[in-house]
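Residue strings, one per chain:
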Amino acid sequence: MDKIEALEPNDDQFDEETMMAKFLEETTLFLGPDPEIMGDHDLAERSDREDEAMKKVTDPATLAIVRDRILAGANEGFEMLENMGAAPGAKWGDLVTGVFSAAGDLAISSTGGVLIFSSLVHHPVKFINKYWRDEPTVGIRPGDVFMHNDARYGNIHNTDQSMMLPVFHEGVLIAWAGATVHEGENGAVEPGGMPSSAESVFDEGLKLSPLKVGENYELKRDLVTYFQNTVREPKLQYEDMKVKMFVCRRIEARIREAIDEYGVDAVIACLRVGLEDTRAEVRRRVSEWPDGTVRYSHFADSTLRENVMIKIKLELRKKGDTLTFDFRGSSPEFANRCNNTVQASLKGMICQLFLAFIWPDLPRCQAAFAPMVVLTDEKSALNSSYLTPNAQSMMTFFPAFTGAQIACAKLMFSIPNKSTKVVAAWYDMINTFLYGGMTQHGEIVGNVCADINGMSGGAHGDRDGENAVAPIFATMADIGEQELVEEEVPFIQIVSKRLLMDNQGMGKHRGGMGYEMMVAMTDSEQWGFMVTCIGSKTPNAAGLFGGYACPTYPLCKVKGVDVFEMFKSNPEDFSYSMIDVMNNQPFKEATYSTHHMGLQYELTRRGELYMISQGAGGGYGDVLERDPLDVMRDVEEKLTSQTLANNIYKVVYDTETLVVDEAATQKARDKERAARKKRGMPFKQFCKQWSTKKPPANIPFYGSWDDSKLIYGGSPEETMTPDTMRSITMPHPKDVRIEALEAELEAAQKKLARSAKAKAAPKAKAKAKAAPKAKAKAVRKGRKKSR
């Protein structure tokens, strides 16, 4: 047999390394989120075309007019979407429209809407530009329609769906038109789009990487059908896809009108100049702040499934024209809880702080946050990894927002030129009901109540905060009309928009107050509620400069009752107050209970009550400096109780006439100031008495304690460093409950066995004592019988 020799590769024809490199370059298994895109919140480099346009059009007046024209188009699109959209989020203003540069930077967004998107929705546009522009099977052409909702590619969570449409002029891409809406229902493991029970990304419903869903201004019906088939509300999915597309077309039309009137160079220059000028102005304003460092720690008290302490640690450093938000040392991520935040979402939330609360006069664009620096630990709850769920990311980045708001307020307090007032913390949580089931019209739905937008304002330095005015993520949003809601879904808000007495962050100026909500299902074959909030153990909104934080809030339930039957027979017996219902318990056979506000989807019966309260803003300043007349105004309006007026504000008054006793009030306040001094101690002594080297063993604590490089993972023994950060896996709450019940059962069985043994002991002792006598008697009886 002839010997076959191995062929030697010819360097000219076969280079193994080159071939492998070529293969890897041309063969991509999966295009996940691009780290370079997701990590960059600054502007793209100015293109040659933009530079050319900026040299041609330099008149500031022309640029301002063009910008106003395009902004008017974005606002027009906003109004269209708000009036035509099917989702509750669209109807009540949880949306935004805008215009991007050709490179994907958000240059102009609508005046109203969710400003958090200003630093978020550019990521998917940049992904499309990078990966689909030259991809033969996709491409970017006039009339194309793109869509996206996966937060890992740039967004908040899956329930927010974005649509983007490229704008061409003479065959050249010059801009993008976009619209984003909180749609709600997305086919997740729980209805409503924000599943708190999601234990993996695959429980969170529809997850769209940026993809083309239409061509020639027409949606691809096969893809639309696929999306509809994935969610509980196919009608909503189809309708809002069409509405968003037509909104983008309207914005595109307004851009073209500006081009026709002022030229394409004016439009391109307008978008770029606006971005660069905003970035420069932010740097100038930051440079006016005093150099220094502010530290603040905030806590999330729940994963929505169990009560824990999740630390959000912030060190805000200002030097020159740079602000650095250092969140290193915060809690690790949770592998099977959906309260994790993608870092880009965190950045968007902090950008919202500047656009709404610090510099509301700035153009609403991505550049407002471009000069900032954000530092986080990888695999932390504020910079979660790809496979960790994030549907309830608000549970960590909302507390991060509050930390940033308090820290910024302390830094900017001393500057002479402010664009807005310094305020205490806004209420930062979505205290509302999610719902899902069969409507009275025979349709399956799942969504969220618009009370999500009823957050209360923090107290100002010169007046009280606004009551239930707006969410931290949207300055212009509505809380809905309950009568309209009741036409669509089978539940009633028995109490709605009624301010809850004493629900305030006390201070020289009190925080805005929140209202109570009491809901009950009317008639449905299947209906359920959810509540997805933290803040039942520790306050969500902090006070400022001595002001009190907001209260903590429970979820209250009354089960085994039909409240509507009482309304038929004895409506006067019902008290329209959750406090009175829980304290007086008017339904004799009902079950009354309180819980933290992490309620997973729970089926309900007709007339059963679910009750929560909207939160209050933080207070500002010392309560003893509050004007007694302001206290009496609140007492008269039943916003403040006599207990609070007497015991916290130290105001003494005649309960009949509500006239303040000024002398007695001054005496009470002087007495309290003296008591404070007596209770007080030097700071070093306080630290010695209260500080510990480790977190307490009886509270599940996550995050750093003292050293930001030593992270605790639930107990003093479970530690890690930023370099060894690992995901936390939580046990299923039902398993924990079963284990506890089994332990109780085992303890009860042992106790019963001991009790039975104790009861049997005297009898056994007597029996043993009587045994010899019985035996002797038996022997005698036997002998007698034998004789």
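Refer to the structure above for everything that follows.
Summarised in this report is the structure supplied together with it. (Residues numbered from 1 in each chain as written. Predicted model: local features only at pLDDT ≥ 70, side-chain atom pairs only at ≥ 80, totals over all residues. Heavy atoms only, no water.)

Quick look at the overall build of the protein chain
Reasoning step 1: Across its full length, the protein chain holds 19 helices and 23 strands.
Reasoning step 2: On the principal axes, the C-alpha backbone points of the protein chain span a range of 130 × 115 × 65 Å.
Reasoning step 3: Per-residue burial for the protein chain yields a buried fraction of 53% across its 787 residues.
Reasoning step 4: A total of about 35,700 Å² of accessible surface is found on the protein chain, and carbon and sulfur atoms cover 53% of it.
Reasoning step 5: Side-chain charges in the protein chain split into 96 positive and 110 negative, and the spacing between the mean points of these groups amounts to 16 Å. (Helix = DSSP H or I, 4+ residues; strand = E, 2+ residues; numbered from the N terminus. Buried < 20%, exposed > 50% of the residue type's maximum accessible area, 1.4 Å probe, protein only. Areas by Shrake-Rupley, 256 points an atom, 1.4 Å probe, with all protein chains shown as cover. Lys, Arg positive; Asp, Glu negative; His and termini not counted. Charge placed at Lys NZ, Arg CZ, Asp CG, Glu CD.)

Examining the pattern of salt bridges
Reasoning step 1: Tallied over the entire structure, the rule returns 64 salt bridges.
Reasoning step 2: For R69, the salt bridge identified is with E261, shortest N-O distance 2.6 Å. Here E261 lies in helix α8 (residues 234-262) and R69 lies in helix α4 (residues 60-84), a separation of 192 residues in the sequence.
Reasoning step 3: According to the relative accessible area criterion, R69 is partly exposed, its value standing at 28%.
Reasoning step 4: For E261, a relative accessible area of 49% puts it in the partly exposed group.
Reasoning step 5: Linked by salt bridges that have partners in common, R46, E50, D51, K55, D105, K126, R272 and E276 make up one network. (Salt bridge = Lys/Arg side-chain N within 4 Å of Asp/Glu carboxyl O.)

Some details on the environment of W289
Reasoning step 1: Note on placement: W289 falls in the loop between α9 (264-288) and β8 (292-302).
Reasoning step 2: On a C-alpha basis, the gap between W289 and T62 in space is 33 Å, while along the polypeptide they are 227 residues apart.
Reasoning step 3: For W289, the residues in contact, after removing those within four places along its chain, are K318, L323, F354, I358, W359, C408, L411, M412 and I415. (Contact = heavy atoms within 4.5 Å.)

Thoughts on a nonpolar patch on the surface
Reasoning step 1: On the surface, L29, F30, F202, Y386 and L387 cluster together to form a nonpolar patch covering roughly 660 Å² of accessible area.
Reasoning step 2: Within the secondary structure, F202 sits in the loop between β5 (172-182) and β6 (211-215). (Patch = residues over 30% accessible without salt bridge, like charges linked within 9 Å, V, L, I, M, F, W, Y side chains within 5 Å.)

Some remarks on the sheet that holds strand β12 (residues 434-438)
Reasoning step 1: Pairing is antiparallel across the open sheet formed by 4 strands, whose spatial order is β13-β12-β16-β19. Unpaired on one side and paired on the other, β13 (444-448) and β19 (598-603) mark the two borders of the sheet. Taken over all neighbouring pairs, the strand axes of this sheet differ in orientation by 10° on average, direction set aside.
Reasoning step 2: Here 4 bridges tie strand β16 (residues 527-532) to β19, and the two strands are oriented antiparallel to one another. (Pairing = 2+ DSSP bridges. Axes fitted to C-alpha atoms, helices over the stretch in contact; angles between N-to-C directions.)

Describing a negative patch on the surface
Reasoning step 1: Residues D478, E481, E483 and E487 make up a contiguous surface patch of negative charge.
Reasoning step 2: Tracing the backbone through its elements, the reader meets E481 in the loop between β13 and α12 (482-488).
Reasoning step 3: In this structure E481 comes out as partly exposed when scored by relative accessible area, which is 42%.

Quick word on the packing of α4 against α9
Reasoning step 1: α9 packs onto α4 with a crossing angle of 90° between their chain directions and a minimal axis gap of 9 Å. Here α4 lies roughly perpendicular to α9, going by the angle between them. Packed against α4, whose contacting residues are L63, V66, R67 and I70, the element α9 presents A266, V267, A269, C270, L271 and V273 at the interface.
Reasoning step 2: Here the contact of α4 with α9 is built from residues that sort into 9 nonpolar, no polar and 1 charged. (Parallel < 35°, antiparallel > 145°, perpendicular 65-115°, else oblique. Nonpolar A, V, L, I, M, F, W, Y, C, P; charged D, E, K, R; others polar.)

Points about α8
Reasoning step 1: Helix length check: α8, at 29 residues, gives a terminal C-alpha distance of 42 Å against a target of 42 Å (1.5 Å per residue), a fit within 8%.
Reasoning step 2: Positive backbone phi, approximately 95°, marks G263, located one or two places after α8. (Expected span 1.5 Å × (residues − 1).)

Brief notes about the state of the cysteines
Defined simply, a disulfide is a covalent bond joining two cysteines at their sulfur atoms.
Reasoning step 1: For the coordinates displayed, the defined rule picks out 0 disulfides.
Reasoning step 2: With no disulfide of its own, C248 lies 18 Å from the sulfur of C270, the closest cysteine sulfur.
Reasoning step 3: Judged by relative accessible area, which is 0%, C248 ranks as buried.
Reasoning step 4: Considering cysteine sulfurs only, C365 is the nearest to C270, which forms no disulfide, with 11 Å between them. (Disulfide = S-S within 2.5 Å.)

Quick look at empty space enclosed by the protein
Reasoning step 1: On inspection of all chains with the given rule, the structure shows 5 cavities of 30 Å³ or more.
Reasoning step 2: In terms of residues, the lining of the largest cavity owes the most to one element, helix α11 (residues 394-412), which gives 3 residues.
Reasoning step 3: Among the residues forming the lining of the largest cavity, the class breakdown is 11 nonpolar, 2 polar and 2 charged.
Reasoning step 4: Computed from the structure, the second largest cavity encloses a volume of approximately 90 Å³.
Reasoning step 5: For the second largest cavity, the lining is made up of 15 residues, of which V96, F100, V121, G178 and T180 are closest to its centre.
Reasoning step 6: Contributions of two or more residues to the lining of the second largest cavity are made by β1 (95-101), β2 (106-109), β4 (160-169) and β5.
Reasoning step 7: Top contributing element to the lining of the second largest cavity by residue count: β1, with 4 residues. (1 Å grid on protein atoms, 1.4 Å probe; cavity = no way out; pocket = protein on both sides within 12 Å on 5 of 7 lines; lining within 4 Å. Points joined across faces, edges and corners; volume = space filled by probe spheres on them.)

Thoughts on the nonpolar core
Reasoning step 1: If you look at the biggest cluster of nonpolar residues, it comprises 124 residues, and the most contacted ones within it are W289, F325, F327, F354, F398 and F473.
Reasoning step 2: The residues contacting F473, other than those within four sequence positions of it, are D94, G113, V114, L115, I116, M349, Q352, F398, I452, N453 and M455.
Reasoning step 3: In this structure, V66, M147, M163 and V247 belong to the second largest nonpolar core, which totals 55 residues. (Core = buried A, V, L, I, M, F, W, Y, C linked by side-chain atoms within 4.5 Å.)

Remarks on the side chain of N390
Reasoning step 1: In this structure, N390 sits in the loop between β11 (373-375) and α11.
Reasoning step 2: N390 gets classed as buried once you look at its relative accessible area, which sits at 1%.
Reasoning step 3: Once you skip the residues sitting within four places of it in the chain, N390 turns out to touch A151, R152, I156, H157, E204, C338, N340 and V342.

A few points about the sheet that holds strand β15 (residues 515-521)
Reasoning step 1: Here 5 strands make up an open sheet; going across it, the order is β14-β15-β20-β17-β18 and the pairing antiparallel. The sheet is open, and its two borders are formed by β14 (491-499) and β18 (591-595), each paired with just one other strand. Direction aside, neighbouring strands of the sheet carry axes that sit 15° apart on average.
Reasoning step 2: Bridge count between β14 and β15: 6 bridges; the pairing is antiparallel. Each residue of the ladder has a partner; that of V495, found in β15, is M518.

Things to note about the packing of α8 against α9
Reasoning step 1: Contact geometry for α8 and α9: axes closest at 6 Å, N-to-C directions at 120°. By the angle class used here, α8 and α9 are oblique. Residue-level inspection shows I255, A258, I259 and Y262 of α8 in contact with α9, the latter providing V264, A266 and V267.
Reasoning step 2: Of the residues assigned to the contact of α8 with α9, the class counts are 7 nonpolar, no polar and no charged.

What to know about helix α15 (residues 628-636)
Reasoning step 1: All of the buried residues in α15 are V631, M632, D634 and V635. For α15, the arc enclosing every buried residue in end-on projection is 160°, short of the 170-degree limit, so these residues lie on one face. Exposed residues lying more than 90 degrees from the buried face of α15 are L629 and E636.
Reasoning step 2: If you follow the buried residues of α15, they end up packed against α16 (642-647). (Arc of directions from axis to C-beta.)

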